[in-house]
Amino acid sequence: SVIIVGTIVGSVIGFELGRKYGMPLVLKIYNYEKVQSLERKTDKYGKWIILIAAVTPAPYFPIIFGSFGIKRKTLTFYGIIPRVITLGVISLFL
């Protein structure tokens, strides 16, 4: 569906922008405290914070994850795929 394609494309574009332009771009979009909070959680929980953000109503920030230097494979397996599955399941009930 359009939502699933949108989440994949948006995640990839955001992630790549974060990887390429890093923290200077991220800090133009998000406030420093939010970025620091997510960085602390990422340091503490690692790739699992990506999964939690992808499948819960918690904000999902692929651009920030990209700026943290997370690997594409990690974002794909712990972010994009779980998010697509979650949206697919939700769409079955709408």
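Quick caveat: nothing in here was measured; it's all calculated off a predicted structure.

A. Layout of the side chain of threonine 42. Among the structural elements, threonine 42 can be located in helix α2 (residues 32-45). A relative accessible area of 11% places threonine 42 in the buried class. Ignoring anything within four residues of it in the chain, the contact list for threonine 42 reads Ile49, Phe65, Phe68 and Ile70.

B. Quick look at the packing of aromatic side chains. What the rule picks out here adds up to two aromatic pairs. Between tyrosine 30 and phenylalanine 61, the aromatic rings sit 5.0 Å apart at their centres with planes inclined by 80°, giving edge-to-face as the arrangement. Of this pair, tyrosine 30 sits in the loop between α1 (2-29) and α2 while phenylalanine 61 sits in the loop between α3 (47-55) and α4 (62-67), and the two are 31 residues apart along the sequence. Tyrosine 30 gets classed as partly exposed once you look at its relative accessible area, which sits at 22%. Assessed through its relative accessible area of 10%, phenylalanine 61 is described here as buried. For the ring pair tryptophan 48 and tyrosine 78, a centre distance of 5.3 Å and an interplane angle of 85° mean the geometry is edge-to-face. Of this pair, tryptophan 48 sits in helix α3 while tyrosine 78 sits in helix α5 (residues 72-92); the two residues are 30 residues apart in sequence, bridging distant segments of the chain.

C. Structural detail: a nonpolar patch on the surface. A surface patch of nonpolar side chains, amounting to about 660 Å² of accessible area, comprises Phe77, Ile81, Ile85, Val89, Leu92 and Phe93. With respect to the helices, strands and loops of the structure, valine 89 is situated in helix α5. Since its relative accessible area comes to 40%, valine 89 is described here as partly exposed.

D. Up close: the confidence of the model for the chain. On average, residues of the chain score 92 in pLDDT, and 100% of them are at 70 or above. Across the chain, α4 holds the top mean pLDDT of 94, while α3 sits lowest at 92.

E. Spatial organisation of the environment of lysine 47. Among the secondary structure elements, lysine 47 is positioned in helix α3. Here the alpha-carbon distance between lysine 47 and isoleucine 3, two residues 44 residues apart in the chain, equals 24 Å. With near-sequence residues (within four places) excluded, lysine 47 lies in contact with Thr74 and Tyr78.

F. Structural view of the nonpolar core. Counting 17 residues, the largest nonpolar core has Leu38, Ile50, Tyr60, Ile64, Phe65 and Leu75 as its most contacted members. Those elements giving two or more residues to this core turn out to be α1, α2, α3, α4 and α5.

G. Here's a closer look at the side chain of serine 67. Here serine 67 is to be found in helix α4. Residue classification places serine 67 among the buried residues on the basis of a relative accessible area of 18%. Residues within four places of serine 67 in sequence aside, it is in contact with Gly18, Arg19, Gly22, Met23 and Val26.

How each quantity is defined
- Positions within a chain are numbered from 1, following the residues in the order the chain's sequence is written.
- Only residues with pLDDT of at least 70 get local features here, since the model is predicted, and only at 80 or more are side-chain atom pairs given and counted; chain-wide, interface and lining totals rely on the full set of residues.
- Computation of side-chain values covers all heavy atoms of the structure but excludes hydrogens and water.
- The numbering of helices and of strands both runs from the N terminus, where a helix is a DSSP run of H or I of at least 4 residues and a strand a run of E of at least 2.
- Accessible area is worked out with a 1.4 Å probe on protein chains only. A residue is then buried under 20% of its type maximum, exposed over 50%, and partly exposed in between.
- Every residue pair with non-hydrogen atoms within 4.5 Å of one another is taken to be in contact.
- Each Phe, Tyr or Trp ring (for Trp, its six-membered ring) is paired with any other whose centre lies within 6.5 Å, and the angle between the two planes then decides the class: stacked below 30 degrees, edge-to-face above 60, tilted in between.
- Patches in this entry comprise residues that are over 30% relatively accessible and not in a salt bridge; like charges within 9 Å are linked, as are nonpolar side chains (Val, Leu, Ile, Met, Phe, Trp, Tyr) within 5 Å.
- Under the convention used here, a 1.4 Å probe and the Shrake-Rupley method define accessible areas, while residue burial counts only the protein chains that appear.
- Salt-bridge detection follows one rule: a side-chain nitrogen of Lys or Arg within 4 Å of a carboxyl oxygen of Asp or Glu.
- Scored from 0 to 100, pLDDT reflects the predictor's confidence in each residue.
- By convention a nonpolar core is built from buried Ala, Val, Leu, Ile, Met, Phe, Trp, Tyr and Cys residues, the set being connected through side-chain atoms within 4.5 Å.

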